[in-house]
Amino acid sequence: MPTIKDGTGGKTFNALMDEALLVKLKCLPAASGLQPYAEAFADAELIKTCMCLLENDLNVSRTAEKLYMHRNTLIYRIAKLKRLTGLDARVFADAVTFMILYRCYCGRGADNEQ
C-alpha cells in the first residue's frame, strides 16, 4: 500500500481514511444509535440514489442520467437525505458514512424490520 508523505507521518491512505471515518462517526449521535436514520434507511429510493451517486463519483448529472430522472429530482432526493440524516450525499465522506451506517443497520439481524 503506498504511503502519503505530506504531513501525515507516512500513514497509508487506508489508515487516513479509517481515521477520518472514525472522526465522522464520533460526531453522529451515538446515544440513540441508528434509530434516527431508520426513516432514511426504509426509503429504497434514497438508498438507491446514494449508491448510484457514489458509483458515479458524486456527479449529479451523470447519476440523474443513470437513474433516468431529471437532475432536479435527484437534487430533491439529496436534500431529503440531508433533511432526514444531516448527511450531505454530495460530500464524499457523508455519502460513505451514510452507506456504512445503512449496511450496519441492515446487518443488525432480527432487529432490522424493513
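Residues numbered from 1 in each chain as written. Predicted model: local features only at pLDDT ≥ 70, side-chain atom pairs only at ≥ 80, totals over all residues. Heavy atoms only, no water.

## A look at the nonpolar core
Of all hydrophobic cores here, the largest spans 26 residues; its most connected members are Phe41, Cys50, Leu74, Leu81 and Phe98. Contributions of two or more residues to this core are made by helix 2 (38-41), helix 3 (44-55), helix 4 (60-66), helix 5 (71-85) and helix 6 (92-106). Broken down by element, this core gets its largest block of residues, 6 residues, from helix 6. The residues touching Leu74, leaving out its near neighbours within four places in the chain, are Thr49, Val60, Thr63, Ala64, Leu67 and Met69. (Core = buried A, V, L, I, M, F, W, Y, C linked by side-chain atoms within 4.5 Å. Buried < 20%, exposed > 50% of the residue type's maximum accessible area, 1.4 Å probe, protein only. Helix = DSSP H or I, 4+ residues; strand = E, 2+ residues; numbered from the N terminus. Contact = heavy atoms within 4.5 Å.)

## Brief notes about unusual backbone geometry
Positive phi outside glycine occurs at Asp57, with the angle close to 55°. Of note, Asp57 is situated in the loop between helix 3 and helix 4. Look at Leu58: it is not a glycine, yet its phi comes out positive at around 60°. When you line up the elements, Leu58 lands in the loop between helix 3 and helix 4.

## Re the packing of aromatic side chains
Taken as a whole and assessed by the stated rule, the structure comprises 3 aromatic pairs. Between Phe41 and Tyr102, the ring centres sit 5.7 Å apart and the planes meet at 55°, which makes this aromatic pair tilted. You can see Phe41 sitting in helix 2 and its partner Tyr102 sitting in helix 6, a full 61 residues away along the chain. For Tyr102, a relative accessible area of 15% translates into the label buried. Among the aromatic residues, ring-to-ring pairing joins Tyr37, Phe41, Phe98 and Tyr102 into one connected group. (Phe/Tyr/Trp six-rings, centres within 6.5 Å; stacked < 30°, edge-to-face > 60°.)

Honestly, it's all geometry; don't read function into it.
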